[in-house]
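If you want the building blocks of each chain, they are given just below.
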Amino acid sequence: MSQDNKYQDLETIFLDRIDSATNLSDLERIRVAAMGKKGQVSLLMQELKNLLPEHRKIYGQSLNAVKSKINASIKIRREELEKLQLESRLLREVTDVTLPIRPDSLAMGRVHPISQVLEEIVEIFSDLGFSVADGPDIDNEDNCFTKLNIPSHHPARQDMDTFFLKARSGCSRKVLRPHTSSVQIRTMMTQAPPIKIIAPGRVYRCDNDKTHTPMFHQVEGLLIDRGIHLGHLKWCLQEFCKAFFEVDKVKMRFRASHFPFTEPSIEVDIDADTIGKPGEWLEVLGSGMVHPKVIRNCGLDPECHQGFAFGMGLDRIAMLKYGISDLRDMFSGDLRWMRHYGFMPLDVPTLIGGLSS
Ligand code: PHE
């Protein structure tokens, strides 16, 4: 058989096989049989060098033409098979988004008060121009303490009953963050002022009774800009309390306090009348002007930039607002409790439509 006939036969055989390939791996096998290192076309290519020079040129050209045809046909078939594969996947994985929601799931599901209160807080602070920042539950001592002006051996490290993780060789010791103030540091280290963030998240302390659990939730607030003073902090917290407790006026008390990372430091109480319990002051949060050392620790100049920060217990203010008496129940996963204290899934809190209605 002449070389040309041999090539023609090969072409017909392979084009047939390619056409009848039913899936991509089948097609790949055919490709290797033709074009692979030991494929039939490649072997014929190698044989060319045994031919006389004048034949080599002619046969080389016809073999190359065969090769191109086979390659082109593989490409077309591959596209067809990929399309078929996609179509069958789309058919298989179809979701009918027009289906109505099942009424029983609406009747059964509840939003946990912590999630509800978090959504309410995010809604209020977004309206004031704050964005939501995030940080890890496991962080280093630098972000949780040192940069916050709590050096090692400072009593505040013990006060917080921190959970320390075992140090791995060559790495600094990590902790389960005892407060969300670590996110203040992370944000100041990576963003240029003006900074306006709230950072909600889980925090951990070795404590367990009716009002303390080893894991609870906080929301941190941080504002850094030029010319910021206590008046800004006070206004911001007043606006927050009014919106959160859904009242027109709220009586607040600002008490001098101490946190190593703020100066001055202020604890904020609200008149319990706000939530229908006259004659008592209820502590709602800790706050203050960010300590100049903290600002400097994060590479900013406290002469140019000042700011305020606050931190509140999400669980605590959820308990205040919704009359929940035992913190531990929040995390017990008891369905009866959830049915009682939980919120309906589609009632998303908005400032216009009402936070908790
Ligand atoms: N980190 C403090 C705590 O956990 C709260 C706080 C945050 C106080 C920011 C002042 C400023 O108690």
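Residues numbered from 1 in each chain as written. Predicted model: local features only at pLDDT ≥ 70, side-chain atom pairs only at ≥ 80, totals over all residues. Heavy atoms only, no water.

A closer look at the domain arrangement of the chain
Condition: Each domain span listed reflects an automatic or database assignment of domains.
Under the domain assignment used here, the chain contains domain 1 (3–92) and domain 2 (111–341). For domain 1 and domain 2, the distance between their C-alpha centroids amounts to 67 Å.

Looking at the packing of aromatic side chains
Selection criterion: When two rings of Phe, Tyr or Trp (its six-membered ring) have centres within 6.5 Å they constitute a pair, described as stacked for plane angles under 30 degrees, edge-to-face for angles over 60, and tilted for the intermediate range. The way it works is that DSSP assigns letters per residue, a run of H or I at least four long becomes a helix, a run of E at least two long becomes a strand, and they are numbered from the N terminus. Here the term buried applies to any residue with accessible area under 20% of the maximum for its type, exposed to any over 50%, and partly exposed to those in between, with areas from a 1.4 Å probe on protein chains only.
By the definition in use, this model includes nine aromatic pairs. Geometrically, the ring pair formed by F125 and F310 is stacked, given 5.4 Å between the ring centres and 25 degrees between the ring planes. Of the two residues, F125 sits in helix α6 (residues 113–127) while F310 sits in strand β10 (residues 306–313), which places them 185 residues apart along the sequence. Across this residue pair, the class does not change: F125 and F310 are buried.

Things to note about the pattern of salt bridges
Side-chain pairing between opposite charges can occur once the charged atoms of the two side chains come close. Stated formally: Salt bridges are counted wherever a side-chain nitrogen of Lys or Arg sits within 4 Å of a carboxyl oxygen of Asp or Glu.
The full count for this structure, using the stated rule, is 20 salt bridges. Linking K242 and E239 is a salt bridge whose minimum nitrogen-to-oxygen distance equals 3.2 Å. Here the residue K242 and the residue E239 both occupy positions in helix α10 (residues 230–245), the gap between them amounting to three residues, near one helical turn. The partner of D269 in a salt bridge is R253, and the shortest N-O contact between them spans 2.9 Å.

Here we look at the nonpolar core
Worth spelling out the cut-off: In plain words, nonpolar cores are sets of buried Ala, Val, Leu, Ile, Met, Phe, Trp, Tyr and Cys residues tied together by side-chain atoms within 4.5 Å. Contacts were defined at the residue level, with two residues in contact if any of their heavy atoms lie within 4.5 Å.
Among the nonpolar cores identified, the biggest contains 45 residues, and I121, F125, F240, F310 and M312 are the most heavily contacted of them. Of all elements in the fold, only α6, β6 (215–225), α10, β8 (262–271), β9 (281–290), β10, α12 (314–322) and α13 (335–341) reach the threshold of two or more residues within this core. Contacts of F310, omitting those with residues within four sequence positions, involve F125, I198, V219, E220, G221, L233, L237, L285, G286 and S287. Counting residues in each nonpolar core, the second largest holds 23 residues, with I150, A156, L222 and L300 among its members.

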